Amino acid sequence: MAPTLKPDDTSRQIDQFVDAFYERVLADPLLSPLFLDVAGIELSEHLPRIKAYWRKMLLGHRDYQRHMMRKHRDVDARQPFADEHYERWLALFEETLKKHPLGSSTERAAALARRVAGNMRQNMQRFRA
Ligand code: HEM
């Protein structure tokens, strides 16, 4: 019988995935200024939040309770997100997922990322108008 992946394993995989994703994002000339200059993120606070967000989305954990859309609206108000930002963000997300899959949650993570990015794009346009 194939070994079953326990939630703890997925949680560890999420940590590795997010670290690897942010290595790419922060090395990306298009995306990194939004994180480092416009939002001025503190990595030691930001990364645990992103990990908690994905544990909530994929495992139903309750430790992420912030309003992530509002955070993006604040950044967008200072430096509007363009289509190419969404495309690059998703491309890096999917590239990272291939190298650091999340077991049985891999496909769901990809689909969620696409859906949330699509909602975000609409949400930003509504709030800008
Ligand atoms: C164009 C695409 C995106 C860009 C450029 C982007 C950029 C950013 C930036 C700059 C921050 C830091 C905000 C701050 O601390 O002030 C942030 C936070 C965050 N992003 Fe994104 N993001 C994008 C798409 C997404 C998507 C699609 C998701 C989810 C599927 C996501 C999830 C998050 C989460 C959970 C946070 C943490 C918010 C908090 O502080 O609680 N992002 N993002």
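No experiment lies behind these values; they were computed from the predicted model shown. (Residues numbered from 1 in each chain as written. Predicted model: local features only at pLDDT ≥ 70, side-chain atom pairs only at ≥ 80, totals over all residues. Heavy atoms only, no water.)

(A) View of the pattern of salt bridges. Following the criterion strictly, the structure yields 9 salt bridges and no others. One salt bridge in this structure joins Asp-83 and Arg-121, with 2.8 Å as the shortest N-O distance. Taken as a pair, Asp-83 in helix H5 (residues 83-99) and Arg-121 in helix H6 (residues 106-128) lie far apart in primary sequence, 38 residues in all. Exposure remark for Asp-83: the relative accessible area of 38% places this residue in the partly exposed category. (Salt bridge = Lys/Arg side-chain N within 4 Å of Asp/Glu carboxyl O. Helix = DSSP H or I, 4+ residues; strand = E, 2+ residues; numbered from the N terminus. Buried < 20%, exposed > 50% of the residue type's maximum accessible area, 1.4 Å probe, protein only.)

(B) Region of interest: helix H3 (residues 43-59). With 17 residues, H3 extends 23 Å between its outermost C-alpha atoms, agreeing within 8% with the 24 Å of an ideal straight helix rising 1.5 Å per residue. His-46, Leu-47, Ile-50, Lys-51, Ala-52, Tyr-53, Trp-54, Arg-55 and Leu-58 are the residues of H3 that are buried. Within two residues after H3, Gly-60 carries a phi angle of roughly 75 degrees, on the positive side. (Expected span 1.5 Å × (residues − 1).)

(C) Region of interest: the coordination of the iron atom of the ligand. What the protein offers the iron atom of the ligand as a donor is a single atom, His-72 (NE2), at 2.0 Å. As for its placement among the helices and strands, His-72 is situated in helix H4 (residues 68-78). (Donors = N, O, S within 2.8 Å, 3.2 Å for Na, K, Ca; no water.)

(D) Layout of the site of the ligand. Near the ligand there are 22 residues, and of these Phe-35, Ile-50, Tyr-64, Arg-66 and His-72 occur at the shortest range. One of the side-chain N or O atoms of His-72 is found 2.8 Å from a nitrogen atom in the ligand. Counting residues per element, the ones that place at least two in the shell around the ligand are helix H2 (32-38), H3, H4, H5 and H6. The leading source of residues in the shell around the ligand is H3, at 5 residues. Looking at the shell around the ligand, its residues break down into 16 nonpolar, 3 polar and 3 charged. (Near = heavy atom within 4 Å. Polar contact = N/O pair within 3.5 Å; in protein donor to acceptor, adjacent residues only side chain to side chain. Nonpolar A, V, L, I, M, F, W, Y, C, P; charged D, E, K, R; others polar.)

(E) Representation of the packing of H3 against H6 in the model. For the pair H3 and H6, interaxial distance at closest approach is 11 Å and the crossing angle is 110 degrees. Put simply, H3 runs roughly perpendicular to H6. Relative to H6, the crossing made by H3 is right-handed. Along the contact surface, H3 presents Tyr-53, Trp-54, Met-57 and Leu-58, while H6 presents Arg-108, Ala-109, Leu-112, Ala-113 and Val-116. Counted by class, the contact of H3 with H6 contains 8 nonpolar, no polar and 1 charged residues. (Axes fitted to C-alpha atoms, helices over the stretch in contact; angles between N-to-C directions. Parallel < 35°, antiparallel > 145°, perpendicular 65-115°, else oblique. Left-handed = near helix turned anticlockwise from the far one by under 90°. Contact = heavy atoms within 4.5 Å.)

(F) The environment of Ala-77, seen in detail. By the element assignment, Ala-77 lies in helix H4. Considered as a pair, Ala-77 and Arg-128 are 51 residues apart in the sequence and their alpha carbons are 7.6 Å apart.

(G) Highlighting the UniProt feature "binding site: heme" (unreviewed entry) in the protein. The residues that UniProt annotates with the feature "binding site: heme" (unreviewed entry) are His-72. Judged by relative accessible area, which is 24%, His-72 ranks as partly exposed. (UniProt positions renumbered as here; feature names shortened; annotations may be inferred.)

(H) Main features of the packing of aromatic side chains. Counting across every chain of the model gives 11 aromatic pairs. Centroid distance Tyr-53 to Trp-54: 5.2 Å. Interplanar angle 90 degrees. Geometry classified as edge-to-face. What makes Tyr-53 buried here is its relative accessible area of 11%. Classification of Trp-54 as buried rests on a relative accessible area of 7%. Both rings, one in Phe-81 and one in Tyr-86, keep their centres 6.0 Å apart while their planes meet at 70 degrees; by these two values the pair is edge-to-face. A relative accessible area of 14% means that Phe-81 is categorised as buried. On the accessibility criterion, Tyr-86 (9% relative accessible area) is buried. Ring-pair connections join several aromatic residues into one group, and the members of that group are Phe-17, Phe-21, Tyr-22, Phe-35, Tyr-53, Trp-54, Tyr-64, Trp-89 and Phe-93. Directly above the ring of Phe-127 sits Arg-73, whose terminal nitrogen or CZ lies 3.7 Å from the centroid. (Phe/Tyr/Trp six-rings, centres within 6.5 Å; stacked < 30°, edge-to-face > 60°. Lys NZ or Arg CZ within 6 Å of the ring centre and 35° of its normal.)

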